[in-house]
Amino acid sequence: MDNNSAAFVGSIPDYYDRGLGPVIFADYAAYMARRAAAFGPSRVLETAAGTGIVSRELRDRLPADTEFTATDLNEPMLAVAKGKFHPDEQVEIRQADAQALPFADGAFDAVVCQFGIMFFPDKPKSFAEAFRVLKPGGRYFFSVWDAHRYNSFARITDALLKQTFPADPPAFYRVPFSCAAIDPIKEMLIEAGFTGIEIEVAPIDKTVADLGLFADGLILGNPVSEQIRARGQVTAEAVRDQVLEALTREFGSNPAIVPLQTIFYSVLKPR
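Everything quoted here is computed from the prediction, not taken from an experiment.

Draft legend 1. Examining the nonpolar core more closely. Tyr 140, Phe 142, Phe 153 and Phe 214 are the most contacted members of the largest nonpolar core, which has 89 residues in total. By residue number, the principal contributor to this core is helix 1 (residues 12-38), which donates eleven residues. In this view, Phe 214 contacts Gly 19, Leu 20, Val 23, Ile 24, Phe 153, Val 208 and Leu 247; residues no more than four positions away in its chain are not counted.

Draft legend 2. Here's a closer look at the pattern of salt bridges. As enumerated under the stated definition, the model contains 21 salt bridges in all. The salt bridge involving Asp 216 is made with Arg 240; its shortest N-O contact spans 2.7 Å. Taken together, the residues span a long stretch of sequence, with Asp 216 in helix 7 (residues 211-220) and Arg 240 in helix 9 (residues 236-251) at a distance of 24 residues. Judged by its relative accessible area of 15%, Asp 216 is buried. Arg 229 is the salt-bridge partner of Glu 237, the closest N and O atoms lying 3.0 Å from each other. When its relative accessible area of 38% is taken as the criterion, Glu 237 is described as partly exposed. Exposure remark for Arg 229: the relative accessible area of 40% places this residue in the partly exposed category. When salt bridges with common partners are traced through the structure, they connect Arg 35, Arg 139, Glu 198 and Glu 200 into a single cluster.

Draft legend 3. Summary view of the packing of aromatic side chains. All told, the structure shown has 21 aromatic pairs when counted by the stated rule. Measuring from ring centre to ring centre gives 4.6 Å for Phe 142 and Tyr 265, while their planes differ by 5 degrees; the resulting arrangement is stacked. Here Phe 142 is found in strand 5 (residues 134-145), whereas its partner Tyr 265 is found in strand 7 (residues 256-268), with 123 residues between them in sequence. For the pair Phe 142 and Tyr 265, one class covers both residues: buried.

Draft legend 4. Structural view of helix 3 (residues 75-82). Every buried residue of helix 3 is accounted for by Met 77, Leu 78, Val 80 and Ala 81. Buried residues of helix 3, seen end-on, are gathered within an arc of 155 degrees and therefore sit on one face of the element. For helix 3, the secondary structure elements touched by its buried residues are helix 1, strand 2 (67-72) and strand 3 (92-95).

Draft legend 5. Seen up close, the environment of Arg 59. Along the chain, Arg 59 turns up in helix 2 (residues 53-61). Measuring from C-alpha to C-alpha, the distance between Arg 59 and Val 44 comes to 9.9 Å, with 15 residues separating the pair along the chain. Not counting residues up to four positions away in its chain, the partners in contact with Arg 59 are Ala 64, Thr 66, Phe 68, Phe 85, Glu 89, Gln 90 and Val 91. Polar side-chain contacts of Arg 59 include one of 2.5 Å to the backbone oxygen of Pro 63. Among the polar contacts made by the side chain of Arg 59, one reaches the main-chain carbonyl oxygen of Gln 90 at a distance of 2.3 Å.

Procedures and definitions
- Residues numbered from 1 in each chain as written.
- Predicted model: local features only at pLDDT ≥ 70, side-chain atom pairs only at ≥ 80, totals over all residues.
- Heavy atoms only, no water.
- Core = buried A, V, L, I, M, F, W, Y, C linked by side-chain atoms within 4.5 Å.
- Buried < 20%, exposed > 50% of the residue type's maximum accessible area, 1.4 Å probe, protein only.
- Helix = DSSP H or I, 4+ residues; strand = E, 2+ residues; numbered from the N terminus.
- Contact = heavy atoms within 4.5 Å.
- Salt bridge = Lys/Arg side-chain N within 4 Å of Asp/Glu carboxyl O.
- Phe/Tyr/Trp six-rings, centres within 6.5 Å; stacked < 30°, edge-to-face > 60°.
- Arc of directions from axis to C-beta.
- Polar contact = N/O pair within 3.5 Å; in protein donor to acceptor, adjacent residues only side chain to side chain.

Spatial relationships are all this shows, so hold off on functional conclusions.
The following block contains the structure:
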């Protein structure tokens, strides 16, 4: 993730990667990587790379000589990502802010960003930066989560947090689902200069082998755990147990089927 206010530190990256990665990120990462690789880019940039879930998929699908750079603002997340690559693989992993990219104009054929846009404080600036570092004819591939109504795992978790902390509920679960409205995103893309806007709503029914591991990720694998601990009323682990109970009521016992829905964008920098 790529926001100073979203502190993915300490044990959070590991819970994120093991608890959330296989459930809500892996399938969409594979799809994102296939789309980007099919475009045939020779230089690829990933922003908000997190623990390298998309990065690993991209490196596996791109030709070995494709130059690939994966970036994120959070060093602890990148530390997990680095562990997914051999030293001889063609990948550069470095810290960078998607709103102020340290790359030259026209440096890349493709820019990729899975579930990062929602965390950028200045979204128009992030789109302008993606446009700037793309070559003419280059493509920007990115995705955002659809609303809570289409992602019941998040609706359930957010509702439980509001019930547990009625006076001051942790706000984290509003952020990843804050870009579900398509028109505002389209307007920002057009303002940045992009054309050829393709939009795809992508629902899947995900089989979850271990709801307990998923509950770990939902509470301990993101900054909501620190928001809970800061309030001091209950432990993050106790809230995790409540989330597991709620997920089991909604989806049944292991293995469970959990519906997911995202919005995928592919846009073009004109020649």
